[in-house]
Amino acid sequence: MVSNEPTGLWLVGARGSVATTAVTGLLALRAGLIEPTGCVTERAPFTELGLVSWENLVVGGHDIAGTPLDKRAEGLADSGLIPHRVLTATAAGLRGVDASVKDGYHPATHAGAQAAAAERLAADITEFRDRHGLARVVVVNVSSTEPPVPHVPEHDSLDALRIALSEPGRAVLPPSSLAAYAALLAGCSYVDFTPSPGIRLPALHELAVSSGLPYGGADGKTGETLLRTVLAPMFTARALRVRSWAGTNLLGGGDGANLADPVAARGKLESKARGLASLLGGEVTAPLHIDNVPDLGEQKTAWDHVSFEGFLGARMSLQLTWTGLDSALAAPLVLDLARLTSAAHAAGLSGPLGALAFFFKDPIGSDEHRFAEQTTMLTEWAATLASDRAREDTP
Ligand SMILES: NC(=O)c1ccc[n+]([C@@H]2O[C@H](COP(=O)([O-])OP(=O)(O)OC[C@H]3O[C@@H](n4cnc5c(N)ncnc54)[C@H](O)[C@@H]3O)[C@@H](O)[C@H]2O)c1
């Protein structure tokens, strides 16, 4: 197994904040302009895996927005996310990557059967892989969050799904799941960084496994939920009784605007709530809401109020405030996930990658939400990959 072969990172939502920050960061890392702060795969034991180098990670993607990457990066620089010296040094590179960003699928503008749209999306990825001579491509969904999808029987069987996809005018899959289907058609591994339905339909699981492709997700764990999965196990371990855990999120940017729609926000709220319910038990009151505050731009503030009970019923509370530049937290994880998922594909793994739970609010293929346990799972998984690699390399 040789992992450091030219490898593709195909971003669905390639011109959004997270994607633009990831691409700008990748170009800056290649040029030695920044430290890999926040990149987990730059630390032991991941450095033993022979993961794809920044130089060999080639980016393309789909988006439905037309604003080119260098213009998006200018906006992010103005909001304090990207240093101006990095913007200046990477602008030409961003324009180069933007040339590999193709039109995404939008149900409102697509006429005809969804099968044709999926084939077109898959052909874009295949052309990108061939043009750059890539060993494999990892598709990462960082597009706008979609609401949960109503269940239909065609989501449960690949044969039935294929028939429904060929019916003209029928949209059996939401855009995120069509993107996941196209990724699998193109023979790519897939990662969902969003809480959208994406690959989480049984028919798509069937396709991934029958195609020998690994996938991971869902919904990057970058701020408030990361803290919750560190702190909640502490209360449990010390036998303290959490009575309620209320959360308020204030955010702006594209994600804030999208989540101002209560329908779109449903998926995000459910994804955040599932982790806490699993950590503390369903009986804890845990109201959570998200407000769009455009003034905050790329900054996100989460305020949590935890009410808990100790010995003799003593009532106490913990309050925490987290203010993060969301895309700066997310972007290095997107690069880490591309590297690790590519290594899993190269190692012949297929189906859900539960060991990647460390990265996600709502892990696919694992029920483990406790951050310390997730860290151990990921490290052990990496050690297994490294020892398999060492065995294969031994003459
Ligand atoms: N810390 C974080 O930033 C974080 C953490 C977890 C999850 N996420 C998720 O990552 C996603 C991206 O966040 P963002 O802040 O970059 O949002 P954003 O609004 O800036 O970017 C989303 C991009 O997706 C594009 N898009 C929408 N529909 C599409 C489609 N059908 N095909 C292709 N592209 C499409 C939009 O045009 C836009 O460019 C969101 O779903 C967000 O919930 C972000």
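For the structure itself, consult the block above.
Residues numbered from 1 in each chain as written. Predicted model: local features only at pLDDT ≥ 70, side-chain atom pairs only at ≥ 80, totals over all residues. Heavy atoms only, no water.

A.B. asks: How do you make sense of unusual backbone geometry when you look at a structure like this?
C.D. replies: With glycine set apart, most residues show a phi of negative sign, and most peptide bonds adopt trans. Going from Ala44 to Pro45, the amide bond is cis rather than trans, its omega being 5°. As for its placement among the helices and strands, Pro45 is situated in the loop between α1 (17-30) and β2 (57-63). In this chain, Gly217 is followed by Ala218 through a cis amide linkage whose omega measures -5°. One can find Ala218 in the loop between β6 (214-217) and α8 (224-237). The backbone of Asp219 shows a phi angle near 70°, a positive value even though the residue is not glycine. Among the secondary structure elements, Asp219 is positioned in the loop between β6 and α8. Taking relative accessible area as the criterion, Asp219 reaches 1% and is therefore assigned buried. (Helix = DSSP H or I, 4+ residues; strand = E, 2+ residues; numbered from the N terminus. Buried < 20%, exposed > 50% of the residue type's maximum accessible area, 1.4 Å probe, protein only.)

A.B. asks: Would you explain the sheet that holds strand β7 (residues 241-251) in this entry?
C.D. replies: Two strands in a sheet stick together by hydrogen bonds in their backbones, pointing the same way (parallel) or opposite ways (antiparallel). Spatial strand order, β8-β7-β9-β10: four strands in an open sheet with mixed pairing. In this open sheet, the two edge strands, each paired with only one partner strand, are β8 (288-292) and β10 (315-325). Geometrically, the sheet is characterised by an average inter-axis angle of 10° between neighbouring strands, direction not taken into account. Along the sheet, α8 makes contact with β7, β8, β9 (299-309) and β10, crossing β7 at roughly 170°. Helix-sheet contacts for helix α11 (residues 326-346) involve β9 and β10, and the interaxial angle to β10 is about 75°. (Pairing = 2+ DSSP bridges. Axes fitted to C-alpha atoms, helices over the stretch in contact; angles between N-to-C directions. Contact = heavy atoms within 4.5 Å.)

A.B. asks: Hey, could you run me through the site of the ligand in this one?
C.D. replies: By nearness alone, 27 residues border the ligand, and Val18, Asp63, Ser143, Thr145 and Thr222 come closest of all. Within the contact set of the ligand, a nitrogen atom lies 3.0 Å away from a backbone nitrogen or oxygen of Tyr105. In the environment of the ligand, an oxygen atom lies 2.8 Å from a nitrogen or oxygen atom belonging to the backbone of Ser143. Isolated, the ligand exposes 850 Å² of accessible area, and the fraction of that covered by the protein chains is 92%. Elements with a contribution of two residues or more to the shell around the ligand: α1, β2, α9 (253-259) and α11. (Near = heavy atom within 4 Å. Polar contact = N/O pair within 3.5 Å; in protein donor to acceptor, adjacent residues only side chain to side chain. Areas by Shrake-Rupley, 256 points an atom, 1.4 Å probe, with all protein chains shown as cover.)

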